[in-house]
Amino acid sequence: MESKNAAYIARAKEILAQMTLEEKVAQMVQVPYAMVGREEALRWAKLGAGSFLHVLGDDAREVQQAACSTRLGIPVIFGIDAVRGHALNDHATVFPTQLACACTWDREIAREMGRVTAREVATDGLHWTFSPLLCLSRDTRWGRVNETFGEDPYLTGELAAAIIEGYQGDSLDDEESILACAKHYYAYGEAVGARDACDSEITYRKAREVFLPPFKKAVDAGCASFMTAYGSIDGTPLTIDRHSLKDILRDEMGFEGFVVTDWDNMSSLVKQQFVAEDTDEAARLAAEAGNDMIMTSVAFYDSAVKLVREGRLDEAVIDEAVLHILTIKAKMGLFEHPEKKGRPGCFGCAEHMDAALRTAQRSITLLRNDGVLPIAPSCKKIAVIGANADDVRAQYGDWTYFTHPLPDPDHVPVRPYTTIREGVEELAKAKGASCVYARGCGPIASDEDDLPSAVEAAKGADVIVYVVGDVVSQVGEGKDRADLSLSGRQTELFRQLRALNIPLVTVLCASKPLAMGDAAEQADAVVVAFNGGATGGKAVAQALFGEINPSGRLPISFPRHSGQVPVYYNQLPGWHKLVDKQKYCDLPETPLYVFGEGLSYTDFAYENMTFDPQTMKASVQVSNTGARAGLETVQVYFRDLVSSVMTPVKNLIAYKQVELAPGETKTVEIKLERMDFALVNRREERVVEPGEFMLMVGHSSKDADLLTVKFAL
Ligand code: NOJ
C-alpha cells in the first residue's frame, strides 16, 4: 500500500540525493541551544544540524537564517518542551499540568490545550513540542508523575490522541500547527522502584498489554515524532532496542514519522548503562537500532561520519534516518516557509487564558465533602492557610520558565496569574466575607515556618481552607521520592488547625497524589487541584464557593502510605489474604482514593444497565438526583473471568461524559468493539479468548460504584 506521505517522501529523496555524508549526518544532530550558547549554535547551523532545542523567538530566527543560507538551505526544526502550554516562554499561557488535564477526562479539553499551545509555539517561530508524555504513573514515587495522564492505558491513549490532534491540527503545514512527540517510548514510568531512568523489569508481553497501547493510539492519531525513553527493558536500553524501534513501532504499528532520542541517551550507553565501549560504538548502536535524530549527544556527528568512512556503519542506515526527518520537514511545508506565522499577538490573549481556565476548572476534583462545601453565604470569615496557597512556583510546578531550560526561581512572571489565596480573597470580597491569610508552613521545613501565627489567624474563622502539597524541588527528573507523606510540618499544622473545631477544607496543590494522612482523612472536605497553572487559584476558589460544580475524576489512585505503592486499580488478582479482614497486616489494602473517583455538588444514580454482546451496545440510565446541574463521567470496565494468562481485576475500556439537569435522567449508550475485550496471550498476540466476561458500568472504578452484567463471547 502506498504511504500517505508518498509525495513528501519523493521530495525528501530528491534532497537526500544531493547531500554529502557530512550534511546527512548533521541532519540527525539535535543541538541544545541553551547549553552550547549562541556562537556554537550558529556553527552547528552552518554545518547543517537538523534540529535545535530550547531556543526561543529571535534567537531561533537567527539560527534559522544561518541554516537557510547553507549550500542546500535545509531549514531547521526547533523543538521545545511545551508540555502544558508554551510555558518555557514567560509571555505564554501557562496551562495546568498534563496530570491535572487528565482529571477532566475530556478529549475536547485536551484537544483545545494542544491547539492553543501549538498556536503560541508556532508564533514563537518554533515547530515541535516534546509532548505528550504517555508513560503510566503506576509507581507514584517517580518524580515525573505530573507530566503523565495518570495510571491508565486507555485514558492515557484517549487524551494523547486528542492533544496530538490539537498540536498537529488538520495539516502539519498549517500556520498554527506544530509537530507532536509521543514520549518516552516506552515503559519509562515503570522503572523499578520508580527510580528515574532505571531498568523496567517487564516483558514484551506485559509491554503489549499495558504500556504500548497508548503509543499505538498516538501513531493512529498521526503523531509525527516519537522520543525514546532513557531507560531499559529487562537490561536492553530502549536506545538500542531495534525490536521495539523497528519491528514494533514501524513494522507493526505503522509509524511513519521520525524518532528522536531523549537527552544524551547516546552518551548514556557509554557513561551510565555500560553497553557501549566508546562513543563510536554508541553512535553505531543508536543509529542501527532506529533512532533518526540524536538529542544533545553532538559527538554523534564525528563518530557517525568516521564509522561510515571506515565501513563500520552502512550509509543506508543514515539515509533512512535522514529520509524520515526530511519527509516530516516537507510535510510541514518548511522548504517553502521555514518559519510559521502562528497568530501574532496571541501570547496569553483572553481566548487562550480562557482555555487555560476551563482546563483548570474542569480539573478540580472533589474527593470528600461532609457538607462544608460549597462555602455557605453565611460564612463571614475565611482563613486561608499554607504556603502553597500563595506560591506561584508551587502552583505552576514543573516545566515552566521557573524550572527550564535552566532553573530560574527568581524569574519575575510577565503574565498575570491568580494564586489560591488571591482567588479566595477576590470571591470572598464579592460575597461580603473577609479573608485572612497565614503562611504557617510550606512543604519544605524552613525558618519562615510559623505555626502559632497561622493557628491564631484561623481562630474565629467560619471555615479554614488549608492548602498542602509539594514544591518544585520535590518534583521532576532526578527527584523521585521515597516518602510520599506530607513533607515538612504540614501534618502537624493540620492537626493544630483541626483542634480548633472549625470546618476545615484541605486543598492539594501538588504534582502528584501524596499520602495525605490526617489532612485528608480528618478533613471535612478534600479538593485536589494538582498544578493548575496561571488560572489554577481562580478555579480552586470558584469550586470552593460553588461558582462551578466540580466534575474532575481521578486519573490516578491515591495511596494511604508510601509503602502501599503501587495502588493502581487495574492490578492482577492473587494477593493472598491471610488475615481475616485485610491483606496488609498493618494497613488497609485499599487506596485512600481510587481511579475514577470524584464528587460534585449533586448526586448521580445508575439503573437498568444492559449489554448486548451481539451488537456490542451497552446502555445505562443515569439520573441527577440532586439540586444542581452536573457533569457525570460514565465509566465502563470489564474483566475476563477465566483466561489463559492472568488479567487485571478490571480495565477501563470506554467512558462518556453527560450533562444532567437536576432531576434529569438520560440513557447513555456506549458502543464497544469485540477487541476491547482482548488480552495479550503468552505468544504476545492480542486475542479475545472465548468464555465469560463481566462488564461494569458506573461512577468510578470502585466495586460499590459499578453495575455489572456477565456475558459470554
Ligand atoms: C529530557 C526529558 O526526559 C524529556 O522529556 C524532554 O523532552 C527532554 N529532556 C528535552 O528537554
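On to helix α15 (residues 315-331), then. Here α15 is 17 residues long and its end C-alpha atoms lie 24 Å apart, about the 24 Å a rise of 1.5 Å per residue gives. Buried within α15 we find Ile318, Ala321, Val322, Leu323, His324, Ile325, Leu326, Thr327, Ile328, Lys329 and Ala330. Where α15 is buried, its residues meet α1 (6-17), α2 (21-27), β3 (77-80), α11 (242-252), β10 (258-260) and α14 (300-309). Residue aspartate 314 occupies the N-cap position of α15, its side-chain oxygen lying 3.0 Å from the main-chain nitrogen of alanine 316. Immediately downstream of α15, the backbone of glycine 333 shows phi near 75 degrees, a positive value.

What follows concerns the packing of aromatic side chains. Taken as a whole, this structure holds 31 aromatic pairs when the rule is applied. Aromatic pair tyrosine 185 and phenylalanine 226: ring centres 5.5 Å apart, planes at 70 degrees, arrangement edge-to-face. One end of the pair, tyrosine 185, is in strand β5 (residues 181-185); the other, phenylalanine 226, is in strand β7 (residues 225-228), and 41 residues separate them in sequence. The exposure classification of tyrosine 185 matches that of phenylalanine 226, with both residues buried. Both rings, one in phenylalanine 638 and one in phenylalanine 677, keep their centres 5.2 Å apart while their planes meet at 85 degrees; by these two values the pair is edge-to-face. Taken as a pair, phenylalanine 638 in strand β20 (residues 630-640) and phenylalanine 677 in the loop between β22 (665-671) and β23 (679-680) lie far apart in primary sequence, 39 residues in all.

Strand order in the open sheet formed by five strands is β4-β3-β2-β1-β11, and the pairing between neighbours is parallel. A strand with exactly one partner marks an edge of an open sheet, and here the two such strands are β4 (128-129) and β11 (294-295). Note that strand β1 (residues 29-32) and β11 share two bridges and pair parallel. By the bridge assignment, glutamine 30 is partnered in β11 with methionine 295.

If you check the domain split of the chain, you get domain 1 (24-331), domain 2 (359-564) and domain 3 (604-712). For domain 1 versus domain 3, the separation of C-alpha centres amounts to 35 Å. On the domain 3 side, the residues contacting the 14 residues of domain 1 number 16 residues. Taking both sides of the interface into account, the surface hidden between domain 1 and domain 3 amounts to around 1200 Å²; carbon and sulfur atoms contribute 53%. It is Trp105, Tyr154 and Arg205 in domain 1 that bury the most area against domain 3; as a group they hold 53% of the surface buried on that side. Counting every contact that joins domain 1 to domain 3 gives one salt bridge.

Before going further, it helps to spend a moment on the sheet that holds β20. Overall, antiparallel pairing links the four strands, which are arranged β21-β20-β25-β26 in an open sheet. Strands with a single pairing partner mark the edges of an open sheet, and in this sheet they are β21 (651-660) and β26 (706-712). Neighbour-to-neighbour, the strand axes of the sheet open up by a mean angle of 20 degrees, direction not taken into account. As paired elements, β20 and β21 share nine bridges and run antiparallel to each other. Residue pairing for β21: threonine 633 is matched across the bridge by glutamine 657.

Calculation criteria
Residues numbered from 1 in each chain as written. Predicted model: local features only at pLDDT ≥ 70, side-chain atom pairs only at ≥ 80, totals over all residues. Heavy atoms only, no water. Helix = DSSP H or I, 4+ residues; strand = E, 2+ residues; numbered from the N terminus. Expected span 1.5 Å × (residues − 1). Buried < 20%, exposed > 50% of the residue type's maximum accessible area, 1.4 Å probe, protein only. Contact = heavy atoms within 4.5 Å. Polar contact = N/O pair within 3.5 Å; in protein donor to acceptor, adjacent residues only side chain to side chain. Phe/Tyr/Trp six-rings, centres within 6.5 Å; stacked < 30°, edge-to-face > 60°. Pairing = 2+ DSSP bridges. Domains from an automatic or database assignment. Buried area = accessible area lost by both parts, 1.4 Å probe. Salt bridge = Lys/Arg side-chain N within 4 Å of Asp/Glu carboxyl O. Axes fitted to C-alpha atoms, helices over the stretch in contact; angles between N-to-C directions.

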